[in-house]
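Summary of the model geometry
Single-letter residue listing:
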Amino acid sequence: MNLLNDCSEVEDENAQTGGRKRGMSRRLASLRHCTVLAMSNLLNANVDSGLMHSIGLGYHKDLQTRATFMEVLTKILQQGTEFDTLAETVLADRFERLVELVTMMGDQGELPIAMALANVVPCSQWDELARVLVTLFDSRHLLYQLLWNMFSKEVELADSMQTLFRGNSLASKIMTFCFKVYGATYLQKLLDPLLRIVITSSDWQHVSFEVDPTRLEQSESLEDNQRTLRQMTEKFFHAIISSSSEFPPQLRSVCHCLYQVCLRLEITIIDPKLN
């Protein structure tokens, strides 16, 4: 670009002197042509990187610079350059800006765009919206903020503790999606060994866990079944308690938010002035 600018300046000086140096003008025209061709070849060799760095020249204030860039771009197109990867890059940039917009957070921790989507998206699409929101916010390490805003809204609409997260709401959809996605592997790893023991071990093949007296077989004892059920329940309970370090961090956020909003609702019910 500096070389092209120098050529333009010399051409202007020659024009002012009446065009007496025609030989110089021809050499400058040849030099300018070679420079444009070189720029075209350089950009064509790496369109993704080169064009993104030079695209601003097409919007330059100087008309001559803009014209030069269009000439370079024309030569690239004439050479049959493919722009597919560039289109993918531009599309990715647009998606990135869209994600930034959706996950935008206010000064008080509010999520204006996400909450607006919650208000306008029909309930038939809440499952998909829950998936998108959780995925986006978790990728930006903002899942807790999403949960807090959605759960707080659920608390505002709840009549009592008994109706909290009982209805078909976006907050309940988000909670369900979180447990399904982040808890599946944890649950399988936790319960698989215990269930395999119950299913495959010969010690448990003829054991009954029935504690309903009306459904007991004649050979079964209610006390024995209760004791067996209690023993197996303790095994599952201790396995769950001892796996606290492996509990998914996303589900920790869910549980913490649930505790906080439930505590907030309880305070509001007891004394609304404390809210």
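Just so it is clear, the structure is predicted and the values come from calculations on it, not from any experiment.

1. A look at the overall build of the protein
Scanning the protein for helices and strands turns up 11 helices and 0 strands. Ordered by position in the sequence, the α and β elements of the protein form the string α-α-α-α-α-α-α-α-α-α-α. Residues classed as buried in the protein amount to 31% of the 275 residues present. Put simply, of all contacts in the protein between residues at least 6 apart along the chain, 64% involve residues at least 24 apart. As displayed, the protein has an accessible area near 18,400 Å², and 56% of this comes from carbon and sulfur atoms.

2. Focus: the pattern of salt bridges
In total, this model carries 7 salt bridges according to the counting rule given. Of the charged contacts, one joins Glu246 and Lys189 as a salt bridge, the two residues approaching to 3.9 Å between their closest N and O atoms. Of this pair, Glu246 sits in the loop between α10 (222-242) and α11 (249-270) while Lys189 sits in helix α9 (residues 170-200), placing them 57 residues apart in sequence. For Glu246, a relative accessible area of 45% gives the class partly exposed. Residue class for Lys189 comes out exposed when judged on its relative accessible area of 58%. Across the salt bridge formed by Arg196 and Asp192, the nearest N and O atoms sit 2.9 Å from each other.

3. So, the packing of helix α7 (residues 126-139) against α9
Where α7 contacts α9, the axes come no closer than 9 Å and their chain directions differ by 60°. It follows from the interaxial angle that α7 and α9 lie oblique. The handedness of the crossing between α7 and α9 is right-handed. The segment α7 lies against α9, with Trp126, Asp127, Leu129, Ala130, Arg131, Leu133, Val134, Thr135 and Asp138 engaging Leu170, Lys173, Ile174, Phe177, Cys178 and Tyr182. Residue composition of the contact of α7 with α9, by class: 10 nonpolar, 1 polar and 4 charged.

4. What about the packing of aromatic side chains?
Enumeration according to the criterion identifies 1 aromatic pair in this entry. Taken together, a centroid distance of 5.3 Å and an interplanar angle of 90° make the contact between Tyr186 and Phe247 edge-to-face. Separated by 61 residues along the polypeptide, Tyr186 in helix α9 and Phe247 in the loop between α10 and α11 bring together distant segments of the chain. We classify Tyr186 as buried; its relative accessible area is 13%. On the basis of relative accessible area, Phe247 is assigned to the partly exposed category, the value being 21%.

5. Observations concerning the confidence of the model for the protein
Residues of the protein with pLDDT of at least 70 account for 84%, and the chain-wide mean is 81. Across the protein, α7 holds the top mean pLDDT of 94, while helix α1 (residues 2-16) sits lowest at 66.

6. So, unusual backbone geometry
The bulk of non-glycine residues show a negative phi, and the bulk of peptide bonds are trans. Of note, the phi angle at His141 is positive, near 60°, even though the residue is not glycine. Mapped onto the fold, His141 is located in the loop between α7 and α8 (143-157).

7. Focus on the side chain of Asn225
Residue position: Asn225 is located in helix α10. Here Glu210 takes part through its backbone oxygen, which lies 2.8 Å from a polar atom of the side chain of Asn225. Among all residues touching Asn225, those that are not within four sequence positions of it are Ser208, Glu210, Val211, Leu216 and Glu220.

8. Considering the nonpolar core
Of all hydrophobic cores here, the largest spans 36 residues; its most connected members are Leu133, Met150, Phe151 and Leu170. Put simply, the parts of the chain that give this core at least two residues each are α5 (84-102), α6 (112-120), α7, α8, α9 and α11. Those residues in contact with Leu133, other than ones at most four positions away along the chain, are Val102, Ala114, Leu146, Met150 and Leu170. Grouped together as the second largest cluster of nonpolar side chains are 7 residues, Leu190, Leu194, Trp204 and Ala239 included.

9. Comments concerning the side chain of Glu154
Examined against the element boundaries, Glu154 turns out to sit in helix α8. Buried charge without a salt bridge: Glu154, with Lys153 as the nearest opposite-charge side chain at an N-O distance of 8.1 Å. Once residues lying within four places of it in the same chain are set aside, the contact partners of Glu154 are Leu164, Phe165, Ser169 and Ala171.

Rules and cut-offs
- Residue positions are given per chain, counted from 1 along the sequence in the order it is written.
- Per-residue local features of the predicted model are confined to residues with pLDDT of at least 70, and side-chain atom pairs are confined, for both listing and counting, to 80 or more; whole-chain, interface and lining totals are unaffected and use all residues.
- Hydrogens and water are ignored here; the side-chain numbers use all heavy atoms of the structure.
- Only DSSP runs of H or I covering at least 4 residues are called helices, and only runs of E covering at least 2 are called strands; the numbering of each starts at the N terminus.
- We call a residue buried when its accessible area falls under 20% of the maximum for its residue type, exposed when it is over 50%, and partly exposed in between, using a 1.4 Å probe and counting protein chains only.
- In this analysis, two residues are considered to be in contact whenever any of their non-hydrogen atoms come within 4.5 Å of each other.
- Areas reported as accessible are Shrake-Rupley estimates using a 1.4 Å probe. Residue values count occlusion only from the protein chains shown.
- The term salt bridge refers to a pairing of a side-chain nitrogen on Lys or Arg with a carboxyl oxygen on Asp or Glu at a separation within 4 Å.
- Fitted lines through C-alpha atoms give the axes, limited to the stretch in contact for helices. The angle between two N-to-C directions lies from 0 to 180 degrees.
- Just so you know how the angles are binned, under 35 degrees is roughly parallel, over 145 roughly antiparallel, 65 to 115 roughly perpendicular, and the rest oblique.
- By definition, turning the near helix anticlockwise from the far helix through less than a right angle yields a left-handed crossing, and turning it clockwise yields a right-handed one.
- The residue classification treats Ala, Val, Leu, Ile, Met, Phe, Trp, Tyr, Cys and Pro as nonpolar and Asp, Glu, Lys and Arg as charged. All others, Gly included, are polar.
- The criterion for an aromatic pair is that two Phe, Tyr or Trp rings (for Trp, the six-membered ring) have centres within 6.5 Å, with stacked assigned to planes under 30 degrees apart, edge-to-face to planes over 60 apart and tilted to the rest.
- Confidence scores labelled pLDDT are given residue by residue by the predictor and lie between 0 and 100.
- Here a polar contact means two N or O atoms within 3.5 Å. Within protein one must be a hydrogen donor candidate and the other an acceptor candidate, and residues neighboring in sequence count only if both atoms are side-chain atoms.
- Each nonpolar core is a collection of buried residues, namely Ala, Val, Leu, Ile, Met, Phe, Trp, Tyr and Cys, held together in the definition by side-chain atoms within 4.5 Å.
- Charge convention: Lys and Arg are scored as positive, Asp and Glu as negative, and His as well as the terminal groups of each chain are ignored.

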